[in-house]
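So the chains spell out like this:
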Amino acid sequence: MNENLALSDETLLSIEKPERYIGNEVNCVMKDKEKVDIRFAFCFPDVYEIGMSHLGIQILYGMFNSYEDVWCERVYSPWMDMDAVMRSQNIPLFALESQDKVKDFDFLGFTLQYEMCYTNILQILDLSGIPFKTADRTWEDPIVIGGGPCTYNPEPIADFFDIFYIGEGETRYRELFDLYKKAKNDGISRQDFLHMVAKIPGMYVPSLYDVKYKEDGTILSMDPVYPDVPRTVYKEMCLDLSKEFYPTKPVVPYIKVTQDRVVLEIMRGCIRGCRFCQAGQLYKPLREKDVDYLKKISLESLKNTGYEEISLSSLSSSDYSKLPELLDFLIESCNEKKINISLPSLRIDAFSLDVMSKVQDVKKSSLTFAPEAGTQRMRDVINKGLTEEDILRGSEQAFLGGWNKVKLYFMLGLPGETDDDILGIGDIANKIAVRYFETVPKEKRNGRTIDIVASTSFFVPKPFTPFQWARMNTKEEFLDKANKTRKGIMAQLNQKHIKYNWHEADASMMEGIFARGDRKLNDVILKAYQKGCIFDAWSEYFDFGKWMETFEECGIDPFFYTTRERADDEIFPWDILNCGVTKEFLLREWKNSIKGTPSTNCRKGCLGCGAASYGVGVCKEGKINE
Amino acid sequence: MNKLRLKFSKNGPIKFIGHLDVMRYFQKAIRRADIDIKYSEGFSPHQVLSFAQPLSVGATSDGEYLDMTVNSMVSTQDIMYRLNSVMNEGIKILAITELKEGEDKAMTLSYAARYCLQLRKSADFPDWTYKMEEYLKGDHLPAMKKTKSGEKEIDMKQMLFDYTFDHENSSVDMLLSMSSKETLKPALLFEYFYKSLDKEFDTKFLDIHRIDIYKSGEDQKGTYIEPFITDDINKRIYLNG
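Residues numbered from 1 in each chain as written. Chains lettered and ligands numbered in written order. Predicted model: local features only at pLDDT ≥ 70, side-chain atom pairs only at ≥ 80, totals over all residues.

1. A word on the domain arrangement of chain B
All names here are of chain B.
Part 1 of the argument: Structurally, chain B comprises domain 1 (2-103) and domain 2 (108-238).
Part 2 of the argument: The straight-line distance from the C-alpha centre of domain 1 to that of domain 2 is 26 Å.
Part 3 of the argument: With 14 residues of domain 1 in contact, the opposing surface of domain 2 contributes 12 residues.
Part 4 of the argument: Of all the secondary-structure elements, those providing two or more residues to the side of domain 1 that touches domain 2 are β1 (2-10), β3 (60-70) and β4 (91-98).
Part 5 of the argument: Among the elements that make up the side of domain 1 that touches domain 2, the one with the highest residue count is β3 (5 residues).
Part 6 of the argument: Looking at the side of domain 1 that touches domain 2 residue by residue, the class counts come to 5 nonpolar, 6 polar and 3 charged. (Domains from an automatic or database assignment. Contact = placed C-beta atoms within 7 Å. Helix = DSSP H or I, 4+ residues; strand = E, 2+ residues; numbered from the N terminus. Nonpolar A, V, L, I, M, F, W, Y, C, P; charged D, E, K, R; others polar.)

2. Some details on the interface of chain A and chain B
Part 1 of the argument: Each partner contributes to the interface: chain A provides 24 residues, whereas chain B provides 22 residues.
Part 2 of the argument: Put simply, the parts of the chain that give the side of chain A that touches chain B at least two residues each are α1 (9-14) and α9 (291-305) of chain A.
Part 3 of the argument: Broken down by element, the side of chain A that touches chain B gets its largest block of residues, 5 residues, from α1(A).
Part 4 of the argument: Looking at the side of chain A that touches chain B, its residues break down into 11 nonpolar, 5 polar and 8 charged.

3. Quick notes on the pairing of strand β16 (residues 405-412) of chain A
All names here are of chain A.
Part 1 of the argument: The pairing of strand β15 (residues 367-372) with β16 spans 4 bridges and is classified as parallel. Counterpart to Glu372 in the pairing with β16 is Phe410.
Part 2 of the argument: Sheet topology note: the β16/strand β17 (residues 451-458) ladder contains 8 bridges and is parallel. In the sheet register, Leu412 faces β17, and the bridge partner there is Phe458.
Part 3 of the argument: Handedness of the crossover joining β16 and β17 through helix α14 (residues 419-439): right-handed. (Pairing = 2+ DSSP bridges. Right-handed = clockwise from strand over helix to strand, strands pointing away.)

4. Here we look at unusual backbone geometry
Residues and elements named next belong to chain A.
Part 1 of the argument: Following Lys284, the chain continues into Pro285 via a peptide bond in cis, with omega recorded as -5°.
Part 2 of the argument: Checked against the element boundaries, Pro285 lands in the loop between α8 (278-282) and β12 (287-288).
Part 3 of the argument: The backbone of Lys338 shows a phi angle near 55°, a positive value even though the residue is not glycine.
Part 4 of the argument: Secondary-structure assignment places Lys338 in the loop between α10 (323-336) and β14 (340-342).

5. Description of the nonpolar core
Residues and elements named next belong to chain A.
Part 1 of the argument: Ranked by internal contacts, the top residues of the largest apolar core, which has 222 residues, are Ala41, Val75, Ile163 and Ala429.
Part 2 of the argument: Tallying contributions element by element places α14 first for this core, with 7 residues.
Part 3 of the argument: In contact with Ala41, not counting residues within four places along its chain, are Glu73, Val75, Ala95, Val102, Phe105, Phe107, Leu108 and Pro142. (Core = buried A, V, L, I, M, F, W, Y, C linked by C-beta atoms within 7 Å. Buried ≥ 20, exposed ≤ 12 C-beta atoms within 10 Å, placed from the backbone.)

6. Points about helix α13 (residues 388-400) of chain A
All names here are of chain A.
Part 1 of the argument: Compared with the 18 Å implied by 1.5 Å per residue over 13 residues, the 18 Å span of α13 between its first and last C-alpha is a close match.
Part 2 of the argument: What α13 keeps buried is the set Ile391, Gly394, Ser395, Ala398 and Phe399. The buried residues of α13 all sit within an arc of 135° when viewed along its axis, so they share a single face. Looking at α13, the residues exposed on the side facing more than 90 degrees away from the buried face are Glu389 and Leu400.
Part 3 of the argument: Against α11 (350-359), β15, β16 and α14 lie the buried residues of α13.
Part 4 of the argument: Looking at the residues trailing α13, positive phi occurs at Gly402, about 110°. (Expected span 1.5 Å × (residues − 1). Arc of directions from axis to C-beta.)

7. Description of the environment of B:Lys235
Part 1 of the argument: Inspection of the secondary structure puts B:Lys235 in the loop between β11 (222-227) and β12 (237-238).
Part 2 of the argument: Placed 223 residues apart in sequence, B:Lys235 and B:Gly12 show a C-alpha to C-alpha distance of 27 Å.

8. Quick look at the pairing of strand β6 (residues 142-147) of chain B
Part 1 of the argument: Taken across its 6 residues, β6(B) has 0 buried, putting it largely on the surface.
Part 2 of the argument: What sits between the antiparallel neighbours β6(B) and strand β7 (residues 150-155) of chain B is a turn of 2 residues.

9. Things to note about the packing of helix α5 (residues 118-128) of chain A against helix α17 (residues 521-530) of chain A
Residue and element names in this part refer to chain A.
Part 1 of the argument: Running from amino to carboxyl end, α5 crosses α17 at an angle of 65°, the nearest separation of the two axes being 9 Å. Compared by their axis directions, α5 and α17 come out roughly perpendicular. Helix-helix and strand crossings are classified by hand; for α5 and α17 the assignment is right-handed. Each of Tyr118, Thr119 and Leu122 in α5 lies in contact with α17, whose residues at this interface are Ile525, Leu526, Ala528 and Tyr529. (Axes fitted to C-alpha atoms, helices over the stretch in contact; angles between N-to-C directions. Parallel < 35°, antiparallel > 145°, perpendicular 65-115°, else oblique. Left-handed = near helix turned anticlockwise from the far one by under 90°.)

10. Here we look at the sheet that holds strand β5 (residues 163-165) of chain A
All names here are of chain A.
Part 1 of the argument: Spatial strand order, β2-β1-β3-β4-β5-β6: 6 strands in an open sheet with mixed pairing. The two strands at the open ends of the sheet, each matched to only one other strand, are β2 (70-76) and β6 (203-204).
Part 2 of the argument: As paired strands, strand β3 (residues 107-111) and strand β4 (residues 143-147) are joined by 5 bridges and run parallel to one another. Residue Phe107 lies in a different strand from β4, and its bridge partner there is Ile143.

11. Thoughts on the sheet that holds β17(A)
All names here are of chain A.
Part 1 of the argument: Read across the open sheet, the 4 strands follow the order β15-β16-β17-β18; overall the sheet is parallel. In this open sheet, the two strands that pair with only one neighbour each are β15 and β18 (498-502). Here the average twist between neighbouring strands, direction ignored, is 20°.
Part 2 of the argument: In the packing of helix α15 (residues 475-490) onto the sheet, the strands contacted are β16, β17 and β18, and the crossing angle to β18 comes to about 175°.

12. Structural notes on the packing of α9(A) against α10(A)
All names here are of chain A.
Part 1 of the argument: Two elements in contact, α9 and α10, have axes whose closest approach is 10 Å; the angle formed by their N-to-C orientations is 25°. Here α9 lies roughly parallel to α10, going by the angle between them. Seen from above, α9 lies across α10 with right-handed handedness. In this structure, α9 uses Val291, Leu294, Lys295, Ser298 and Leu299 to contact α10, whose residues at the interface are Glu325, Leu326, Phe329, Leu330 and Ser333.
Part 2 of the argument: Of the residues that constitute the contact of α9 with α10, the class distribution is 6 nonpolar, 2 polar and 2 charged.

Structure representation (structure tokens):
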């Protein structure tokens, strides 16, 4: 127990949820700081409840702490009330376990899960007393390293980081730590250390690359400043996930957090190849974990945490080949211990409905479909292999099984979208309602009726997807489309049974700017932070006006990043990185999408994306003939 | 099936964990300890735990109580051992007793609580114990207490069973009413003590440590109160003389 908290009792009693700042949770790791060589502060730059829900930190936290010479601790963004107290009382930011100042750590690692957390990175640096820019740091400061999906285009925040780790964290940290220890021992400069780091596979040291621009603002060249620094940084990837570290003693928070359960990652990667999806490309190829290994891990995790729920995690759980065996095992072992099983991202079919009826209260739970687009034409454009018939057949089976709530997810603003595609959303929702009334006769409805919720989000083109060339819609276009969707739903016969939700357009635009942004955005982000932008992922704090004002002051046109058409041969800011799929493949898929031609999935045939070069996972399996 | 009453302490940083989260903490600890606890019926069964009295956030305690029912057990000692081996350092099971058939819940039985109270440095009030001792000498200590339906006037003197000041350490040991009928929170007493001096009280000034919770009983000497779990008959405090 660490009784020496960084904050006084009075402070903790005057802020919301003091539990966010006191550490000491079940399974948190305490070490003797005198007996370790490396102290690592691992930060999820958002509030505790969000950050504690993230699996990635739990994996690396457990792995780092399994090293005798390393002590890894956690840091989250102080909420606005705490932020104000820390600034007014000059309290430096501290890590939860030791409650020691972050500034005194050897490493400060950030996991970058979404673009809207960028100003929160600056908050963490600011409250820690670490200079914002890598160029201004000395050995007095921790090495600032970033990982996670946003590092696949880290250019908008490149100035703030010493290193980006590209790919899966399990593989190269040991090497980095050893190099760090040696560098400290040999007394070499921080600059020389970073130069050496750049030669470790997967390590992108942005300060060692010189970016030149053309007159039109696009990139002319990105060159390493030293000849021995690699021109391209390749992503790191685990070849056999069943042999990697997995945390069976994750830290269990006291307060309720977003993901408050055991998370069992069953595989990485996805065979589906939806053209809008970044994760689908970044984690290729699909690699399953061994089912016996998963059984063992799940029991250990439940035993060590005491959680009352376990959730399977993957991009598309139905594609896990041993899913029936795993679920049978879990249902049996969880039932006797009254443990709930949650099954996100399952395809709705007879098998999954059968499983769901065993683990959920049918009356309370709802079915989720993500058709993503309203017409088959558009679903072919985005390569979403879900047909209207799939949805209606799945719904029918579910209605017979007693379900009557359906959730539908769509995107607006997809490339080449027409009014027909938009109106198709109302159409498909209506057809589901019709199918309900046809399937369930009045006398069997028991006073219940069909309840459909359709939600749309605005499409944001992401790097390393076939849509990285696509033009993003403007806010006006988005809102016009949301309006048309709403009218389309209102015009349906069963509109009373359909509820429609849509997202904010302003936040989508910001996400679009950062997602495909370049280094010129570093100054905008810093300036926006200094003007008070923070917690941009939270609608109550997101200030779009302030952001637009900052763009103007910096003389940068935000639409350059969103609505601009990109040429096939444009050099993208993220071309310095290689995520395993080739640009040729992505371009081929982009052209297929314009033609409305769908592509097959990795189990049925190989599209030659480039990921086969890893020689593992689905790339090595035999193909199923169509 | 056995009904058990657990006594536990709550010290250190865990004092900032609120009542509902302590409940969630126990539910997980009981699973970690593999205790054959009884679950409620229904589609989503849950453990039935019942706490004697919630403890306010920021307060520590050496005498909290929790009732639970198990389907089977080796012994109360075994349960105590299993729980303590999966507990965080701040929470410790101090004792477990088995309840008699039909015995009321701790919540229903609780009658009083003993506290050790101090003022934090931020209160900046070094000689408060002397002043408070004076204040408590009044025949009546009227206060307005917030209730569900509004406010009502109470006499805190009636709810103050016993107290001893330790001037040297600037602390007071107090036995205050805490039952389903009437509860006197230490903060309310301090608020009116401050008022009597024309001073503004802030609940953050008060450092609360609960020593134990008492239930009431009767024997040939009259009505007494004693800690929920005790073997020591000498710890009985007789009310009304």
